[in-house]
Amino acid sequence: MKIYFHLNLGGFSNCYVVANESIKEAIIIDPGRITEEIIDTIENGSYKLTGVFITHNHGSHVHGLKTLRKIYTPKIYAADWEVAGNDTNVITGDGKVRIAGLSVRYMALPGHTADSMVYKIGTVLFTGDAISAGKIGTTNNSYSDFILRNNIERKIFSQQDGTVLMPGHGPPTCVGVEKLYNLDMVRTADKNAAPIEPLPDE
């Protein structure tokens, strides 16, 4: 497996081309904007684009899909039907898809948005806006914030520490680092810690 990273300057979001070198097929995760560089990656690598995976239906992660579909005919996977209408392969809950010779595990991780999904391929987890280096995704209210943090604990922090996180924004990181240094999650852990009893008066 080979992963190509592309930065969408319009929304400073990350797009990933994941290629299976052995069979020359590829998928794209979050096509926020389709550039000549992305097309060159596919064409120069002689890859057949077989799938597109959307982490959540926000413009900086899906705007390039319209352009992409004018050139290729990939299967489109997302939790929100509106991503591509009747051409959307709607996925819910947790499960697996076999495509491009790759096993793509998907996990629903609502909080940042209701349709947020994360995708795991091998030891790499594509997290969208759920979590990035040092912080977690924004939420609309305290309940969504609670749901997001709980889902991160159960579905991301339960992975091996060496699992690489490829976020929707910012640099890559890994599970072990985020457990120790993600400020948003560390604050959550601090809040849940037992209160410190004051020392008795002497």
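Residues numbered from 1 in each chain as written. Predicted model: local features only at pLDDT ≥ 70, side-chain atom pairs only at ≥ 80, totals over all residues. Heavy atoms only, no water.

Attention shifts here to the overall build of the chain. Looking only at helices and strands, the chain has 6 helices and 14 strands in total. Radius of gyration (C-alpha) of the chain: 18 Å, near the 17 Å computed for a compact globule of 202 residues. For the chain, the exposed area adds up to about 10500 Å²; of that, 52% sits on carbon and sulfur atoms. Across the chain, the centroid of the 19 positively charged side chains sits 8 Å from that of the 22 negatively charged ones. (Helix = DSSP H or I, 4+ residues; strand = E, 2+ residues; numbered from the N terminus. Rg over C-alpha atoms; globule rule 2.2 N^0.38 Å. Areas by Shrake-Rupley, 256 points an atom, 1.4 Å probe, with all protein chains shown as cover. Lys, Arg positive; Asp, Glu negative; His and termini not counted. Charge placed at Lys NZ, Arg CZ, Asp CG, Glu CD.)

On to a negative patch on the surface. Among the surface-exposed residues, Glu-36, Glu-37, Asp-40 and Glu-43 lie close enough to one another that they form a single negatively charged patch. For Glu-37, the location among the structural elements is in helix α1 (residues 36–44). (Patch = residues over 30% accessible without salt bridge, like charges linked within 9 Å, V, L, I, M, F, W, Y side chains within 5 Å. Salt bridge = Lys/Arg side-chain N within 4 Å of Asp/Glu carboxyl O.)

On to the sheet that holds strand β5 (residues 75–78). Sheet strands pair by backbone hydrogen bonding; their relative direction is either parallel or antiparallel. As summarised here, the arrangement of the 6 strands in space is β1-β2-β3-β4-β5-β6, forming an open sheet in which the pairing is mixed. The open sheet has two edge strands with one neighbour each: β1 (2–8) and β6 (88–90). Going from strand to strand, the sheet's axes swing by 25° on average, the running direction of each strand aside. Of the strand pairs in this sheet, strand β4 (residues 48–53) and β5 are connected by 3 bridges, and their pairing is parallel. Opposite Gly-51, over in β5, you have Lys-75 as the bridge partner. Against the sheet, α1 engages β1, β2 (13–20), β3 (25–29) and β4, with an angle of about 165° to β1. (Pairing = 2+ DSSP bridges. Axes fitted to C-alpha atoms, helices over the stretch in contact; angles between N-to-C directions. Contact = heavy atoms within 4.5 Å.)

Among the nonpolar cores identified, the biggest contains 21 residues, and Ile-28, Ile-38, Ile-42, Leu-65, Leu-68 and Val-83 are the most heavily contacted of them. In contact with Ile-38, not counting residues within four places along its chain, are His-6, Cys-15, Val-17, Ile-28 and Arg-33. Listed in part, the 20 residues of the second largest apolar core include Leu-102, Val-104, Tyr-106 and Ala-108. (Core = buried A, V, L, I, M, F, W, Y, C linked by side-chain atoms within 4.5 Å. Buried < 20%, exposed > 50% of the residue type's maximum accessible area, 1.4 Å probe, protein only.)

Reading fine detail from the predicted coordinates is not recommended where pLDDT is low. On average, residues of the chain carry a pLDDT of 91, and 92% of them reach 70 or more. Confidence drops under a pLDDT of 50 for residues 193–202, and excluding neighbours within four residues, the segment shows 0 contacts in the predicted structure. (pLDDT = per-residue confidence, 0-100.)

It is worth spelling out the pattern of salt bridges at this point. The tally for this structure, following the rule as stated, stands at 5 salt bridges. Residue Arg-69 is joined to Asp-87 by a salt bridge in which the shortest nitrogen-to-oxygen separation is 2.3 Å. Residue Arg-69 is located in helix α3 (residues 65–71), and its partner Asp-87 is located in the loop between β5 and β6; the two are separated by 18 residues in the primary sequence. Note on Arg-69: relative accessible area 34%, which makes it partly exposed. Of the residues examined, Asp-87 reaches a relative accessible area of 46% and is grouped as partly exposed. Between Asp-94 and Lys-155 there is a salt bridge whose closest N-O contact spans 3.1 Å. One end of the pair, Asp-94, is in strand β7 (residues 94–99); the other, Lys-155, is in helix α4 (residues 142–156), and 61 residues separate them in sequence.

Looking now at the side chain of Ser-13. Mapping Ser-13 onto the fold places it in strand β2. Given the relative accessible area of 1%, Ser-13 is considered buried. Among the polar contacts listed, one links the side chain of Ser-13 to the backbone oxygen of Ser-60, at a separation of 2.5 Å. (Polar contact = N/O pair within 3.5 Å; in protein donor to acceptor, adjacent residues only side chain to side chain.)

Quick look at the pairing of β4 now. Taking burial as the measure, the 6 residues of β4 include 5 buried ones, the bulk of the element. As paired elements, β3 and β4 share 5 bridges and run parallel to each other. Opposite Glu-25, over in β4, you have Lys-48 as the bridge partner.

A few words on the packing of aromatic side chains. The tally for this structure, following the rule as stated, stands at 5 aromatic pairs. An angle of 50° between the planes, with centres 6.1 Å apart, marks the rings of Phe-5 and Tyr-16 as tilted. One end of the pair, Phe-5, is in strand β1; the other, Tyr-16, is in strand β2, with 11 residues separating them in the sequence. An aromatic cluster of at least three residues, connected via ring pairs, comprises Phe-5, Tyr-16 and Phe-126. (Phe/Tyr/Trp six-rings, centres within 6.5 Å; stacked < 30°, edge-to-face > 60°.)

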